[in-house]
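If you want the building blocks of each chain, they are given just below.
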Amino acid sequence: MTDGTTKTTETTKTTETDETGRLDAAELRRRTADLLAAHPPADTAPLDFLRARFDAGLAWVHFPRGLGGLDAPRALQAVVDAELEAAGAPDNDPRRIGIGLGMAAPTILRFGTDEQKQRFLRPLWTGEEVWCQLFSEPGAGSDLAALATRAVRDEDGAGWVVDGQKVWTSSAHLARWAILIARTDPDLPKHRGITYFVCDMTDPGVEVRPLRQITGEAEFNEVFLAGVRIPDAHRLGAVGEGWKVAQTTLMNERVAIGGARQPREGGMIGVAARAWRERPEARTHDLHQRLLRHWVDAEVARLTGERLRQQLAKGHPGPEGSGMKLAFARLAQQISGWEVEFLGENGLAYDDWTLRRPEGVDFTGRQAGYRYLRAKGNSIEGGTSEVLLNIVAERVLGLPPEPRTDKDVAWKDLPR
């Protein structure tokens, strides 16, 4: 016959880990409660709380211990987030630092050195350092691998000198760091002569210029790189393998844009549904039928996103994220167009064309006219819809690839 102490010990053991030996929901709730007790949100500066949360492994629980995580199942992040939200804890303003969270962090985790992970991940997650993405170029947007920005070894071989131009760079005017791909060997075919770097946006030779959009805002930027020096310690992955590293960034980017978790009637369809309920006088049979189709499509996309996140819990994102991003762009444009039509002359109103440089993007923010115009960019950013259709066709459906005559031609010999 066992005594009460033994029973208690056995119970503790069964609630600390699941069958795989990883922490379970009950243990994460306990650790979250300990964090809140040691750092009450009402009495703790937001940045201090975020740093403590990272150090407790509750930033992204599926990351390794010591890097903001606890090697726990990815799905249990929702348990921690719910407990902290209920307690009024501050968040890290994910819209402002989305590029760092959704693109830079998973790439650094997979390809970075131990020193790089320790240096970059904590201030990235707390929002102390904003990140941007230096990928697209004026002559290499959809065909990203054709990029012309050059990185050449410096005289002592300890670093690189980078020259070139990047475009459509979100948050470059706020960023301390950038993930950058540059050509290091023009004698190789375009996909094989690229290397991946981390660039300090405060270094000499980096110039950021605003790009005014159809919305009136300058959310994007041009970035000019003139003799920018990057130490080799800020290289991610091997020399010449930047395209492989970039694929991790791009797949995570598409999941971040198209696969964000939404409640039912979240996002653009929620805005449209509220407008329908609040303005019965504007309803017509045709608009009703179209809204129903959009609602069903949005719900299908939401549930597909849940399935995709379950797949992510088992490994790295695959090409399925391209399908989610495709659906997101199509729905955002269709629903925002429906909303403008439903609101009639009020849908054409626009509040302010003043040039602004926002700190983040809100696809459902401001008014109907803004949402309609901003949605036009959804089929370009994060990979054009045309490129993503090719990815889905070839890598998901297994259809024959399009003929590509430049795959084995040295980049320097390609027509430009």
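Described below are features of the structure shown in this document. (Residues numbered from 1 in each chain as written. Predicted model: local features only at pLDDT ≥ 70, side-chain atom pairs only at ≥ 80, totals over all residues. Heavy atoms only, no water.)

Quick look at the overall build of the chain now. The helix and strand tally for the chain stands at twelve helices and eight strands. Radius of gyration (C-alpha) of the chain: 24 Å, near the 22 Å computed for a compact globule of 416 residues. Viewed in the frame of its principal axes, the chain has a C-alpha envelope of about 80 × 70 × 45 Å. Considering the chain as a whole, with its 416 residues, one finds that 49% of them fall into the buried category. Intrachain contacts of the chain at a sequence separation of at least 6 include 69% that bridge at least 24 residues. (Helix = DSSP H or I, 4+ residues; strand = E, 2+ residues; numbered from the N terminus. Rg over C-alpha atoms; globule rule 2.2 N^0.38 Å. Buried < 20%, exposed > 50% of the residue type's maximum accessible area, 1.4 Å probe, protein only. Contact = heavy atoms within 4.5 Å.)

With that settled, consider the packing of helix H2 (residues 25–38) against helix H4 (residues 77–86). A pair of packed helices is characterised by two quantities: the angle between their axes and the separation of those axes. Packing of H2 against H4 leaves a shortest axis separation of 9 Å and a crossing angle of 35°. Taken as a pair, H2 and H4 cross one another with a handedness that is right-handed. Here Ala25, Leu28, Arg29, Thr32, Leu35 and Leu36 of H2 lie close against H4, whose contacting residues are Val79, Val80, Glu83 and Leu84. Grouping the constituent residues of the contact of H2 with H4 by class yields seven nonpolar, one polar and two charged. (Axes fitted to C-alpha atoms, helices over the stretch in contact; angles between N-to-C directions. Left-handed = near helix turned anticlockwise from the far one by under 90°. Nonpolar A, V, L, I, M, F, W, Y, C, P; charged D, E, K, R; others polar.)

Counted according to the given criterion, the structure contains 13 aromatic pairs. The interplanar angle of 45° and the centroid separation of 6.4 Å between the aromatic rings of Phe54 and Trp125 together place this pair among those described as tilted. Taken as a pair, Phe54 in helix H3 (residues 46–55) and Trp125 in helix H6 (residues 114–126) lie far apart in primary sequence, 71 residues in all. As far as the burial class goes, Phe54 and Trp125 line up, both buried. Measuring from ring centre to ring centre gives 5.9 Å for Phe135 and Tyr196, while their planes differ by 85°; the resulting arrangement is edge-to-face. (Phe/Tyr/Trp six-rings, centres within 6.5 Å; stacked < 30°, edge-to-face > 60°.)

Along the chain, Lys190 turns up in the loop between strand S4 (177–183) and strand S5 (194–200). Given the relative accessible area of 5%, Lys190 is considered buried. Here the side chain of Lys190 touches Asp143 through a polar contact of 3.0 Å, side chain to side chain. Here Asp406 takes part through its side chain, which lies 2.6 Å from a polar atom of the side chain of Lys190. In contact with Lys190, other than residues within four places in its own chain, are Asp143, Ala145, Ala146, Arg183, Asp406, Val409, Trp411 and Leu414. (Polar contact = N/O pair within 3.5 Å; in protein donor to acceptor, adjacent residues only side chain to side chain.)

Geometric descriptors of this kind do not, in isolation, establish any biological role.
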